[in-house]
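Each chain is listed here by its residues.
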Amino acid sequence: ASNQRHANHGSMVASLLLMLAISVHSILAGVAIGIETNVQSITSTAVAILAHKSFEGFALGSSMVGANMPTKLYVALGIIFGFATPGGAIIGMVIDSELDEDSAIVAIVQAMVAGTFLYISIVEIGLKELSLSSSHHDHGVILGPKQIQLEYRKLLSFATGFMLMSFLAIFV
């Protein structure tokens, strides 16, 4: 029972850290929308945010379910996650009203959004998924051919997704 409580505590901390990272990213993404003045830029930024927001929500929800969080905390964190991007957009509009149109702040915010996206996707989600096989190996568990094949599929999917998003960034 003590080991289960310790595992749940670790999962709870990991979920809260993931929530913090995703929320900071969502606020910055909202700021990126709020500081844009060109309709085409707003549209492409909003589409990019919507394209990955559902995956972030799924990752966060899966993490919270795995942590056996109380329902009230689960709902509260979901509400915070839901309002982070619109709140960031409001902050961005306030910032935009105070800045010149060609300010370097726009580029800095966009770079921060991209950086937090890469951090979350690679460190918080990707590496944890890809490191499952090494944790099995560290505990003396020998993976069978199907598990090894699954690990290679995960790695291939991760690399393919990264390349497709990089290719898409050229045209957006």
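Conventions and cut-offs
Residues numbered from 1 in each chain as written. Predicted model: local features only at pLDDT ≥ 70, side-chain atom pairs only at ≥ 80, totals over all residues. Heavy atoms only, no water. Helix = DSSP H or I, 4+ residues; strand = E, 2+ residues; numbered from the N terminus. Buried < 20%, exposed > 50% of the residue type's maximum accessible area, 1.4 Å probe, protein only. Contact = heavy atoms within 4.5 Å. Patch = residues over 30% accessible without salt bridge, like charges linked within 9 Å, V, L, I, M, F, W, Y side chains within 5 Å. Areas by Shrake-Rupley, 256 points an atom, 1.4 Å probe, with all protein chains shown as cover. Salt bridge = Lys/Arg side-chain N within 4 Å of Asp/Glu carboxyl O. Core = buried A, V, L, I, M, F, W, Y, C linked by side-chain atoms within 4.5 Å. Phe/Tyr/Trp six-rings, centres within 6.5 Å; stacked < 30°, edge-to-face > 60°. Lys NZ or Arg CZ within 6 Å of the ring centre and 35° of its normal. pLDDT = per-residue confidence, 0-100. Axes fitted to C-alpha atoms, helices over the stretch in contact; angles between N-to-C directions. Parallel < 35°, antiparallel > 145°, perpendicular 65-115°, else oblique. Left-handed = near helix turned anticlockwise from the far one by under 90°. Nonpolar A, V, L, I, M, F, W, Y, C, P; charged D, E, K, R; others polar. Expected span 1.5 Å × (residues − 1). Bend = angle between axes of the 7 residues up to and from the residue. Polar contact = N/O pair within 3.5 Å; in protein donor to acceptor, adjacent residues only side chain to side chain.

**Side note on the overall build of the chain**
So, point 1. Helix and strand counts for the chain stand at six helices and zero strands.
So, point 2. If you list the helices and strands of the chain from N to C, you get α-α-α-α-α-α.
So, point 3. Across the 172 residues of the chain, 27% fall into the buried class.
So, point 4. Contacts spanning at least 24 positions in sequence make up 80% of the contacts within the chain whose residues lie at least 6 apart.

**So, a nonpolar patch on the surface**
So, point 1. Taken together, the side chains of V65, Y74, V75, I79 and F83 make up a nonpolar region of the molecular surface, amounting to roughly 490 Å² of accessible area.
So, point 2. A per-element tally of the nonpolar patch places helix α3 (residues 71–98) first, with four residues.
So, point 3. When you line up the elements, I79 lands in helix α3.
So, point 4. The partly exposed category is assigned to I79, whose relative accessible area is 47%.

**A few points about the nonpolar core**
So, point 1. If you look at the biggest cluster of nonpolar residues, it comprises 11 residues: L18, M19, A21, I22, L60, M64, A67, M69, L77, F81 and I120.
So, point 2. Among the secondary structure elements, those contributing two or more residues to this core are α1 (2–35), α2 (39–66) and α3.
So, point 3. In terms of residue count, α1 provides more of this core than any other element does, four residues in total.
So, point 4. Setting aside anything within four residues of it in sequence, one finds F81 in contact with M19, I22, S26, K53, E56, G57 and L60.

**Structural notes on the packing of aromatic side chains**
So, point 1. Evaluation of the coordinates by the stated rule reveals zero aromatic pairs.
So, point 2. Note that K53 overlies the ring of F81, its terminal NZ or CZ placed 4.2 Å from the centroid.

**Observations regarding the confidence of the model for the chain**
So, point 1. Residue-level pLDDT values for the chain average 78, and 80% of them are 70 or greater.
So, point 2. Mean pLDDT in the chain bottoms out at helix α5 (residues 132–138), which sits at 53, and peaks at α3, which reaches 90.
So, point 3. Predicted confidence for residues 1–7 stays below pLDDT 50, and this span has one contact to residues more than four positions away or in other chains.

**Some points on the packing of α2 against α3**
So, point 1. Packing of α2 against α3 brings their axes to within 11 Å, and their N-to-C directions diverge by 165°. Viewed along their axes, α2 and α3 adopt a mutual orientation that is roughly antiparallel. Between α2 and α3 lies a crossing whose hand is right-handed. Residues I49, K53, E56, G57, L60, G61, M64 and V65 of α2 form the contact with α3, whose participating residues are Y74, L77, F81 and T85.
So, point 2. Across the contact of α2 with α3, the residue classes tally to seven nonpolar, three polar and two charged.

**A word on α2**
Side chains three or four residues apart in an α-helix point the same way, a direct result of the helix having 3.6 residues per turn.
So, point 1. Taking 1.5 Å of rise per residue, 28 residues should cover 40 Å, and α2 covers 40 Å from first to last C-alpha, within 8% of that figure.
So, point 2. Residue H52 marks the point of greatest curvature in α2, where the axis turns by about 30°.
So, point 3. All of the buried residues along α2 are T45, I49, H52, K53, E56, A59, L60, G61, S63 and M64.
So, point 4. N-capping of α2 is provided by N38, with a side-chain oxygen placed 2.8 Å from the backbone N of Q40.

**What about the side chain of E56?**
So, point 1. You can see E56 is positioned in helix α2.
So, point 2. When near neighbours in sequence (up to four residues on either side) are disregarded, E56 contacts I22, H25, S26, F81 and F117.

**Digging into the side chain of H25**
So, point 1. By secondary structure assignment, the location of H25 is in helix α1.
So, point 2. Separated by 3.3 Å, the side chains of H25 and E56 make a polar contact.
So, point 3. In this structure H25 touches H52, E56, V113, T116, F117 and I120, once residues within four positions along its chain are discounted.

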